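Okay, here's what each chain looks like letter by letter:
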Amino acid sequence: MNITIKQQRMAKIYPNQEPTTTSQSHDDQCVSNKRERYTLWMKSLVLHSNGCTVYDSNGNIVYRVDNYDTKGGREVILMNLKGNIICTIKKRLLAFGCWEGHKYCSSSSNSRSQEEQPWFRVKRCLTGKTACEIKVGSQNLSIERMSIGKSFSFRIVNKNGEIVAEAKQKQSSSGIVLSNDVLTLDLAAGTDHSLIMALITVYGLICGKM
């Protein structure tokens, strides 16, 4: 792809606005004491194949999933911009609609290894407003559908019904609605951004978006 065309495509996708938080390092876990806004492009940067690319409010890439030619795979990897693995997401073969995420951690020797115990578990719900039920340690979350049809709009809420994250189709600064594979993601203060991205990856796989 011509570099100029690619830059124009990127300019339409990520926000052209003042950052909502102070500059910070996006490592395996990013928790801000303020609300954060990301832009999700439900495509991989690798030849625009299956996956997801996530931009912060400055237009910097912070997370990515590269699924290449495979759509809806049983195992995918969430990475940060540096290519470090944050989480491996696996579909449980013996249980319908169930997924597990295993976190990667750095050891003292700077190598990375996968934790044996699942970081989280996701169970798909077939009917009703709730699309998925989530267990993260002792914490219970759920993903709620916000629309039906091509629009990939949803929210993640805790057991008290408080919104942790909300994704909806992105609009440009002039009010133009972008394509349905470009989303605005609002994260509540104190949220583990890497966890939210891992959960969105699972939901994207369930909905056939990556």
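As a reminder, the structure under discussion sits directly above these lines.
In this report, we go over the structure that sits alongside the text. (Residues numbered from 1 in each chain as written. Predicted model: local features only at pLDDT ≥ 70, side-chain atom pairs only at ≥ 80, totals over all residues. Heavy atoms only, no water.)

1. A word on the pattern of salt bridges
Next, step 1: In the structure shown here, the tally under the stated rule is seven salt bridges.
Next, step 2: Here E166 ties to R155 by a salt bridge, and the two come within 3.1 Å at their closest N and O atoms. Taken together, the residues E166 in strand 12 (residues 163-169) and R155 in strand 11 (residues 154-158) connect sequence positions 11 residues apart.
Next, step 3: Using a relative accessible area of 17% as the deciding quantity, one classes E166 as buried.
Next, step 4: Through salt bridges that share partners, K129, E144, R155 and E166 make up one connected network. (Salt bridge = Lys/Arg side-chain N within 4 Å of Asp/Glu carboxyl O. Helix = DSSP H or I, 4+ residues; strand = E, 2+ residues; numbered from the N terminus. Buried < 20%, exposed > 50% of the residue type's maximum accessible area, 1.4 Å probe, protein only.)

2. Brief notes about the environment of R35
Next, step 1: Mapped onto the secondary structure, R35 falls in the loop between helix 1 (3-13) and strand 1 (36-41).
Next, step 2: The exposed category is assigned to R35, whose relative accessible area is 52%.
Next, step 3: Between the C-alpha atoms of R35 and L187, which are 152 residues apart in sequence, the distance is 5.7 Å.

3. Examining the packing of aromatic side chains
Next, step 1: The final tally for this structure, using the stated rule, is five aromatic pairs.
Next, step 2: Both rings, one in W119 and one in F120, keep their centres 5.7 Å apart while their planes meet at 55°; by these two values the pair is tilted.
Next, step 3: Assessed through its relative accessible area of 12%, W119 is described here as buried.
Next, step 4: The class for F120 is buried, based on a relative accessible area of 1%.
Next, step 5: Pairing F154 with Y203 gives two aromatic rings, centres 5.0 Å apart and planes at 70°, and the pair type is edge-to-face. (Phe/Tyr/Trp six-rings, centres within 6.5 Å; stacked < 30°, edge-to-face > 60°.)

4. Overview of the side chain of E166
Next, step 1: Within the structure, the side chain of E166 is placed 3.1 Å from the side chain of R155, a separation counted as a polar contact.
Next, step 2: The residues contacting E166, other than those within four sequence positions of it, are M146, F154, R155, T184, L185 and D186. (Polar contact = N/O pair within 3.5 Å; in protein donor to acceptor, adjacent residues only side chain to side chain. Contact = heavy atoms within 4.5 Å.)

5. Focus: the environment of H102
Next, step 1: Structurally, H102 can be placed in strand 6 (residues 98-106).
Next, step 2: Note on H102: relative accessible area 8%, which makes it buried.
Next, step 3: Apart from the residues within four sequence positions on either side, H102 is in contact with I86, C87, T88, Q114, E115, E116, Q117, P118 and W119.
Next, step 4: Polar contacts involving the side chain of H102 include one to the main-chain carbonyl oxygen of E116, which spans 3.3 Å.

Without other data, these values stay purely geometric and don't point to any function.
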